[in-house]
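# Breakdown of the fold
Listed here are the chains, written in short residue letters.
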Amino acid sequence: MNFGGQNNLQQQMFQEAVQELSMRDMFKQYNALVERCFDECVTGFRSKKMTGGEQECVKKCATKFTTFTQRVASRFQELQVKMNEQQQNTFGR
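Residues numbered from 1 in each chain as written. Predicted model: local features only at pLDDT ≥ 70, side-chain atom pairs only at ≥ 80, totals over all residues. Heavy atoms only, no water.

### Notes on the state of the cysteines
When the sulfur atoms of two cysteines share a covalent bond, that bond is a disulfide. For the record, the criterion: We call a pair of cysteine sulfur atoms a disulfide when they lie within 2.5 Å. Secondary structure is summarised from DSSP: a helix means a run of H or I of at least four residues, a strand means a run of E of at least two, and numbering begins at the N terminus for each.
For the structure on display, the rule yields two disulfides. The side chain of C37 participates in a disulfide bridge whose partner is C61; the two sulfur atoms lie 2.0 Å from each other. As the torsion about the S-S bond is roughly -90°, the C37-C61 disulfide counts as left-handed. Here the residue C37 occupies a position in helix 1 (residues 8-41), and C61 occupies one in helix 2 (residues 52-91), the gap between them amounting to 24 residues.

Here it is in structure tokens:
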């Protein structure tokens, strides 16, 4: 990656900041998944273990959430490519 003349220390600091933000985002998504699926699927607290229905619900919920997140990311990437192409066409004239 070229950072417009920044020295190696600045580049390293930037990359570390990007990695940290990426990790934070991943943890936020994970926590949202856990909270949403727990609230939706776990209905009883009479046992230490989840019922079969609760376990199945959590599996479906996690799969649905993950699939949705992947589709949104893919769509965002497609839109980003289109925007970049439009900018290149606009500024390339």
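### A closer look at the pattern of salt bridges
Selection criterion: In what follows, salt bridge is the name for a side-chain nitrogen of Lys or Arg lying within 4 Å of a carboxyl oxygen of Asp or Glu.
Scanning the entire structure with this criterion turns up two salt bridges. The residue E78 makes a salt bridge to R75 at a minimum N-O spacing of 3.2 Å. Taken together, the positions of E78 and R75, both in helix 2 and three residues apart, correspond to about one turn of that helix.

### Some words on the nonpolar core
Test applied: Take the buried residues of types Ala, Val, Leu, Ile, Met, Phe, Trp, Tyr and Cys, join any two whose side-chain atoms come within 4.5 Å, and each joined set is a nonpolar core. For the exposure calls, accessible area comes from a 1.4 Å probe over protein chains only, and a residue counts as buried if that area is under 20% of its type's maximum, exposed if over 50%, partly exposed in between. Contacts between residues were defined by any pair of non-hydrogen atoms, one from each residue, lying within 4.5 Å.
One finds L33, C37, C41, C61 and F65 forming the largest nonpolar core, which totals five residues. Of all the elements in the fold, those that place two or more residues in this core are helix 1 and helix 2. If you tally residues by element for this core, the top one is helix 1, at three residues. The residues contacting C41, other than those within four sequence positions of it, are E54, C57, V58 and C61.

### As for the environment of T51
Within the element layout of this structure, T51 appears in the loop between helix 1 and helix 2. As for T51 and E16, which are separated by 35 residues in sequence, their C-alpha atoms are 43 Å apart.

### Structural notes on helix 2
Cut-off, in case you're wondering: Any helix carries an expected span of 1.5 Å times its number of residues minus one.
The first and last C-alpha atoms of helix 2 sit 58 Å apart over 40 residues, in line with the 58 Å expected at 1.5 Å per residue. When helix 2 is considered as a whole, its buried residues turn out to be E54, C61 and F65. The secondary structure elements touched by the buried residues of helix 2 are helix 1.

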